[in-house]
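# Tertiary structure, described
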Amino acid sequence: MSQLTLCFHDDVTSNKEKIQRIFIEYMRNKGVFKNKAVLDENFLPDELLHRDREIQRLVQILAPALRGYRPSNVFIYGGVGTGKTACVKLVLKELDEIAERENLPIKTIYVNCKLKKVADTEYRLLARLLHEIGIEVPSTGLPTDVLYLRFFKEIERKGLITIIALDEIDFLVYKIGDDFLYNFTRINGELRRAKVSFIGITNNLNLFRQLDARVKSSLSEEEIVFHPYNAMQLKDILKQRAKLAFNDGAITEAAINKCAAIAAQEHGDARRALNLLRLAGEIAERRNSQVVLEEHVDEAARKLEIDSVSEAVRSLPRQAQAVLLAIIKSTKNKNKTTTSDVYRKYRDIAMRSGLRVLTLRRVGDLINELALVGLVEARTISRGRYGRTREITIALDEPAKDEVRRLLFGYFM
DNA sequence: CGTCCACAGGAAATCCTGGTTT
DNA sequence: AAACCAGGATTTCCTGTGGACG
Ligand SMILES: Nc1ncnc2c1ncn2[C@@H]1O[C@H](COP(=O)(O)OP(=O)(O)O)[C@@H](O)[C@H]1O
């Protein structure tokens, strides 16, 4: 950027020459990436490291499908970025392949319950499942029991052994309750030819514990736990990807180690590690560096935090943003506030910016939603004689907080 | 040791949107 | 056109409660 401006202030050569020089320079410099898509969130490598045991368990559990039996339901837990999704997708893919080759009536379905407007409600989940078996339904309007019926009728007609992986199932259970799971497990008994099994994936053990007892026992006939990766395992995973993603010699061992070390501290999150690596590469390219260095990783770590936070804030509904601003304002000079303090500030903000002023009850829920996204922390405390309330703190470091403040001030003031 | 504060948070109701069925 | 349906946001009404104070 600074180079560009400098060039244009130089009057010795013509614009044309100057522009061409930059383009040619850009072409000659081949950049650090060979195939950046490999570092994308959705890229699925065909070799998953350090998960042999987990994969083998899953394969053994699902194998009976090949002989026409219903595989046991499985519950899979583990923190974010421990490879749950990747392993399940990989195993399902291989199962699909064999089923197709052997012409077996097996259908595997993977659904992420957190995907907004796709599978984040009971109706949409059903619509999604139907879509997967080739039936399209309107995006709204029909009663859910009709969708259940159509789904079961269709798999019964085709005599399908259906394996349904519900990723981030805790999200859906938290949002709409566990009735839908009960519906599935119950109707399974009434199927004649078809069979349905579930793979429930969650990173929240607590929510699982709160499931209805019948649902819980039925859904966790088998369980697999995914433990966080340690720094060495992350290093292996990163190396494997780096080989595919970067040009030869375009990344240093030290840079990879740094990514692994940082991610290992953050709950062994492989996704974080990969994001770090990609961003470090992008920063290196922007700096016109031929090699990704440790310093690029450092900068990536700083930027990643701020990027994700500002994205989270941007995608918040207006009212939630107002509440967040109220929290920021009332934590000025101290680090904790209470619900009532926040509410007073919130009222001012809402009134001044022409927003409808919501009730305290609702604002309380909005605070919870902010806590769920990880922007604030809220725990209920008792001040004895002076009643109960929640103690609210902002869960961000200073640079991130400044960024949030900047954004929200822009929106509201 | 009982009160009683200042909320937490559950449940149901309301209002709306965008859709279907009859 | 009337009667339903799911779902999102919000309100209304409500019961519950940890612990400082008296
Ligand atoms: N063992 C592994 N080998 C290679 N890549 C992995 C491994 N585990 C996870 N990843 C990668 O890390 C990212 C996050 O993994 P994911 O399966 O989505 O985690 P989870 O579902 O547990 O949150 C994905 O891009 C995935 O490809």
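Just above sits the structure.
Just so you know, these numbers come straight off a predicted model, no measurement behind them. (Residues numbered from 1 in each chain as written. Chains lettered and ligands numbered in written order. Predicted model: local features only at pLDDT ≥ 70, side-chain atom pairs only at ≥ 80, totals over all residues. Heavy atoms only, no water.)

## A few points about unusual backbone geometry
- Phi at H50 takes a positive value of approximately 60°, unusual for a residue other than glycine.
- Note that H50 resides in the loop between α2 (15-28) and α3 (52-62).
- Non-glycine residue N288 carries a positive phi angle of around 60°.
- On the secondary structure map, N288 appears in the loop between α13 (270-286) and α14 (294-314). (Helix = DSSP H or I, 4+ residues; strand = E, 2+ residues; numbered from the N terminus.)

## Section: the side chain of D170
- Mapped onto the elements of the fold, D170 is located in helix α7 (residues 169-176).
- Here D170 occupies a buried position and makes no salt bridge, while the nearest side chain of opposite charge, K114, is found at 6.9 Å.
- At a separation of 3.5 Å, a polar atom in the side chain of D170 contacts the side chain of T202. (Buried < 20%, exposed > 50% of the residue type's maximum accessible area, 1.4 Å probe, protein only. Lys, Arg positive; Asp, Glu negative; His and termini not counted. Salt bridge = Lys/Arg side-chain N within 4 Å of Asp/Glu carboxyl O. Polar contact = N/O pair within 3.5 Å; in protein donor to acceptor, adjacent residues only side chain to side chain.)

## What about the protein's contact with DNA strand B?
- Taken together, 17 residues are adjacent to DNA strand B, and T339, S340, R361, R385 and G387 come closest.
- Within 4 Å of the protein, the atoms of DNA strand B are drawn from sugar and phosphate moieties in a proportion of 66%.
- Between a phosphate oxygen of DNA strand B and a side-chain N or O atom of S340, the distance comes to 2.7 Å.
- A distance of 2.9 Å separates a base oxygen of DNA strand B from a polar atom in the backbone of G387.
- Breaking the surface near DNA strand B down by element, the ones donating at least two residues are α16 (339-352), α17 (360-373) and β8 (388-394).
- Per-element tally for the surface near DNA strand B: the top contributor is β8, with three residues. (Near = heavy atom within 4 Å.)

## Overview of the site of the ligand
- Taken together, the neighbourhood of the ligand is formed by 21 residues, with L49, K84, T85, Y229 and R241 sitting nearest.
- The backbone of L49 places a nitrogen or oxygen atom 2.6 Å from a nitrogen atom of the ligand.
- At 2.7 Å, a side-chain N or O of R271 approaches an oxygen atom of the ligand.
- Here the ligand has 550 Å² of accessible area as a free molecule, and 95% of this is covered by the chains. (Areas by Shrake-Rupley, 256 points an atom, 1.4 Å probe, with all protein chains shown as cover.)

## Re the protein's contact with DNA strand C
- Inspection of the region around DNA strand C gives 22 residues, with T121, Y123, T359, R362 and R388 positioned closest.
- When the atoms of DNA strand C within 4 Å of the protein are grouped by moiety, sugar and phosphate amount to 78% of the total.
- The side chain of T121 places a nitrogen or oxygen atom 2.6 Å from a phosphate oxygen of DNA strand C.
- One nitrogen or oxygen atom from the main chain of G384 is found 3.0 Å from a base nitrogen belonging to DNA strand C.
- At the level of secondary structure, the elements contributing two or more residues to the surface near DNA strand C comprise α5 (122-132) and α17.
- Ranked by residue count, the leading element in the surface near DNA strand C is α5, at three residues.
- A breakdown of the residues in the surface near DNA strand C according to their chemical character gives six nonpolar, eight polar and eight charged. (Nonpolar A, V, L, I, M, F, W, Y, C, P; charged D, E, K, R; others polar.)

## Focus on the packing of aromatic side chains
- Within this structure, the stated rule accounts for eight aromatic pairs.
- Ring plane angle 90° and centroid distance 6.4 Å describe the contact between F151 and F184, whose orientation is recorded as edge-to-face. One end of the pair, F151, is in helix α6 (residues 144-158); the other, F184, is in helix α8 (residues 179-188), with 33 residues separating them in the sequence. Summarising the burial analysis for this pair, F151 and F184 share the class buried.
- A centroid spacing of 5.2 Å and a plane angle of 65° characterise the contact between F184 and F198, whose relative ring orientation is edge-to-face. Taken together, the residues F184 in helix α8 and F198 in strand β4 (residues 195-202) connect sequence positions 14 residues apart.
- Taking the ring centre of Y411 as reference, the NZ or CZ of R318 above it sits at 5.1 Å.
- The aromatic ring of Y386 is capped on one face by R385, whose charged end is 5.9 Å from the ring centroid. (Phe/Tyr/Trp six-rings, centres within 6.5 Å; stacked < 30°, edge-to-face > 60°. Lys NZ or Arg CZ within 6 Å of the ring centre and 35° of its normal.)

## Some words on the sheet that holds β4
- Taken together, five strands build an open sheet; the order of strands is β2-β3-β4-β1-β5 and the sheet is parallel. Strand pairing shows two members of the sheet lacking a second neighbour, β2 (106-112) and β5 (222-226), which therefore form its edges. Across the sheet, the axes of successive neighbouring strands diverge by a mean angle of 15°, strand direction being ignored.
- As judged from the seven bridges shared by β2 and strand β3 (residues 161-167), these two strands associate in the parallel manner. In the sheet register, Y110 faces β3, and the bridge partner there is A165. (Pairing = 2+ DSSP bridges. Axes fitted to C-alpha atoms, helices over the stretch in contact; angles between N-to-C directions.)

## A short note on a nonpolar patch on the surface
- A cluster of nonpolar side chains, namely Y174, L372 and V373, defines an oily patch on the protein surface of about 340 Å² accessible area.
- Locating Y174 in the fold gives a position in helix α7. (Patch = residues over 30% accessible without salt bridge, like charges linked within 9 Å, V, L, I, M, F, W, Y side chains within 5 Å.)

## Remarks on α7
- Those residues of α7 that sit buried are I169, D170, F171, L172 and V173.
- On its buried face, α7 sits against β1 (74-78), α5, β3, α8, β4 and α9 (205-209).
- The positive-phi residue at the C-terminal boundary of α7 is G177, with phi of around 85°. (Contact = heavy atoms within 4.5 Å.)

## Side note on the pairing of β3
- When you tally the buried positions in β3, you get seven out of seven residues, the bulk of the element.
- Across the two faces of β3 the burial is the same, with I161, I163, A165 and D167 and T162, I164 and L166 all buried.
- Looking at chain direction, β3 and β4 are connected through six bridges and run parallel. Across the sheet, the residue bridging to L166 is G200, located in β4.

Spatial relationships are all this shows, so hold off on functional conclusions.
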